[in-house]
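Each chain is listed here by its residues.
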Amino acid sequence: MASEAASERILVQGGIVVNEDREFKADVLCENGKIVAVGENLNADGARVIDASGKYVIPGGIDTHTHCQLPFMGTVAVDDFNHGTRAAVAGGTTMLLDFVIPSKGESPLAAYEKWRAWADPKVNCDYSFHVAITWWDESVAKDMEVLSTEKGVSSYKMFLAYKGVFQLPDSDLFAVFRKIKSLGALAQVHAENGDLIVEGQKKMLEKGITGPEGHCMCRPEEVEAEATHRALMIANRANCPLYVVHVMSKGAADEVRRARQRGWRAFGEPIAAGLGVDGSHCWHSDWRHASAYVMGPPLRRDPTTKVYLMKMLATGDLQCTGTDNCTFNANQKAMGKDDFTKIPNGVNGIEDRMSIVWHNGVTAGILTPQQFVRATSSAAAKIFNLYPRKGLIAVGSDADLVVWNGSAKRTISAKTHHHAVDFNIFEGMEVTGVAEVTISRGRVVWENNELKTVQGSGRFIPRDCYGSVYAGIEQRDLLIDADEQPVQREPYSGPVW
């Protein structure tokens, strides 16, 4: 493969290595796509030397939530697997977790094979797939068995929104959770009340509200919070670990926090958009500008939401950061120029996620560098059963690492980003924290503000089931079973109506 042919022997020298649990000065030696030594004063011995003096050396970022070339709402996302992964490594991310999303009635297994055929020839860094369950019957259950035992899929996403397209009723949701639990996989949900969204859309259109602001107004915070609580409760009834994707509001974040306090096995994911901007843009007087910020769940108009979510990353109440990167150009967004319900939902984020989290987290004094690593790579690696292969700088781990300049600044712009999309929701933001060198499986893929990628050089990374999220689940099952026992009593012998 191209990836193996281009692998280098590299010594990253003189930097401060940061893992989630500690930071220390060390050199890092990479060979054949792996980290082979970590320590001070390592011998270069013919290796290419990258000077990291005065810089951090961190695990390559893991974006937990992307949608490259997704067919959606009558069009296709413009960031394909080539553009998406190029943008990723330019920003310091070395692995994407993308989604296979079958249409209603389509075999999840067949959809997986289709997505693999799209991705494998194009990816410039490693990736893996979650698979969405958008409808339910016994054939879907059988496909899931094959996906988890033979195809390396260990996470499945369900929708409580997009009524008539992807949304599952609660009864099916519970059945899917039970199936996921039986496989030892991780359940995920898009948590919004789809029924109330439809009613809200009708109300807005009847009032003559057709612009992007209508999208936000028909999906208020409580619609997300209610669905988050409901999904967490249903998953807990199945004793199935649940990961809530794109937590966009204070209310939804609070539901994840409360679930964890109750001892439910719950995880939450804010995204770059929700940590970097707010929903006030959807009220902008320029329709194109406003439409660029339309996504679901929507960005919240409350400007303090992004700080609230960042602080919950610091406390560990939320765990990972993704992007929900699903990009559409102006002419695609314009499909909804007269009706906000037809605006394709989606924003960018793959390239800028790491800088946004550093700038609004570490530079703002909310996160430490170690917490930054946890939020951008190591927590994801553990939750999605990639650790210690990914998310860690240690001997034996993949040589996915970034020379990170925590004091350098850059200004985000669509004119300079590496996405295919013609707009950037972070346009004009000056951020502190820049990836100076990105190494993917032992290959330098970003250096001196230049991409050095090769299409098809990334690899699909299969993930086993029964990862760390299942620790203690069997004991919980035993305790639940012990508690759910009949009372021994004499039979009732009185009158019956």
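Right, let's walk through the structure included here. What you are looking at is a predicted structure, and each value in this text was computed from that prediction instead of being measured. (Residues numbered from 1 in each chain as written. Predicted model: local features only at pLDDT ≥ 70, side-chain atom pairs only at ≥ 80, totals over all residues. Heavy atoms only, no water.)

### Some words on the nonpolar core
Part 1 of the reasoning: If you look at the biggest cluster of nonpolar residues, it comprises 128 residues, and the most contacted ones within it are F129, Y156, M158, F177, I180, V189 and F372.
Part 2 of the reasoning: Ignoring any residue separated from it by four or fewer positions in sequence, one finds Y156 in contact with V131, I133, M144, L147, S148, I180, L183, A185, L186, A187 and Q188.
Part 3 of the reasoning: Residues I10, I35, V57 and V437 belong to the second largest nonpolar core, which totals 18 residues. (Core = buried A, V, L, I, M, F, W, Y, C linked by side-chain atoms within 4.5 Å. Buried < 20%, exposed > 50% of the residue type's maximum accessible area, 1.4 Å probe, protein only. Contact = heavy atoms within 4.5 Å.)

### Section: the sheet that holds strand β12 (residues 186-190)
Part 1 of the reasoning: With respect to topology, 7 strands assemble into an open sheet ordered β6-β9-β10-β11-β12-β13-β14, the strand pairing being parallel. Each having just a single partner strand, β6 (61-66) and β14 (266-268) make up the two edges of the open sheet. Shown here is a sheet whose adjacent strand axes are inclined to one another by a mean of 30°, direction ignored.
Part 2 of the reasoning: Of the strand pairs in this sheet, β12 and strand β13 (residues 242-244) are connected by 3 bridges, and their pairing is parallel. Considered in β13, the bridge of A187 is made with L242.
Part 3 of the reasoning: Contacting β9 (93-100) and β10 (126-132), helix α3 (residues 108-119) runs over the sheet at an angle of about 155° to β10.
Part 4 of the reasoning: The sheet strands contacting helix α5 (residues 170-183) are β11 (155-159), β12 and β13, and the helix crosses β11 at an angle near 175°. (Pairing = 2+ DSSP bridges. Helix = DSSP H or I, 4+ residues; strand = E, 2+ residues; numbered from the N terminus. Axes fitted to C-alpha atoms, helices over the stretch in contact; angles between N-to-C directions.)

### A look at empty space enclosed by the protein
Part 1 of the reasoning: The final tally for this structure, using the stated rule, is 6 cavities of 30 Å³ or more.
Part 2 of the reasoning: There is about 140 Å³ of room inside the largest cavity.
Part 3 of the reasoning: As for the largest cavity, its lining consists of 17 residues, of which H67, F72, Y162, G296 and D324 are closest to the centre.
Part 4 of the reasoning: By residue class, the composition of the lining of the largest cavity is 8 nonpolar, 7 polar and 2 charged. (1 Å grid on protein atoms, 1.4 Å probe; cavity = no way out; pocket = protein on both sides within 12 Å on 5 of 7 lines; lining within 4 Å. Points joined across faces, edges and corners; volume = space filled by probe spheres on them. Nonpolar A, V, L, I, M, F, W, Y, C, P; charged D, E, K, R; others polar.)

### Thoughts on the side chain of N239
Part 1 of the reasoning: Checked against the element boundaries, N239 lands in the loop between α8 (221-237) and β13.
Part 2 of the reasoning: Residue classification places N239 among the buried residues on the basis of a relative accessible area of 4%.
Part 3 of the reasoning: Side-chain polar atoms of N239 contact the side chain of D477, separated by 2.7 Å.
Part 4 of the reasoning: Discounting residues that sit within four places of it in the chain, N239 has contacts with K181, I473, R476, D477 and I480. (Polar contact = N/O pair within 3.5 Å; in protein donor to acceptor, adjacent residues only side chain to side chain.)

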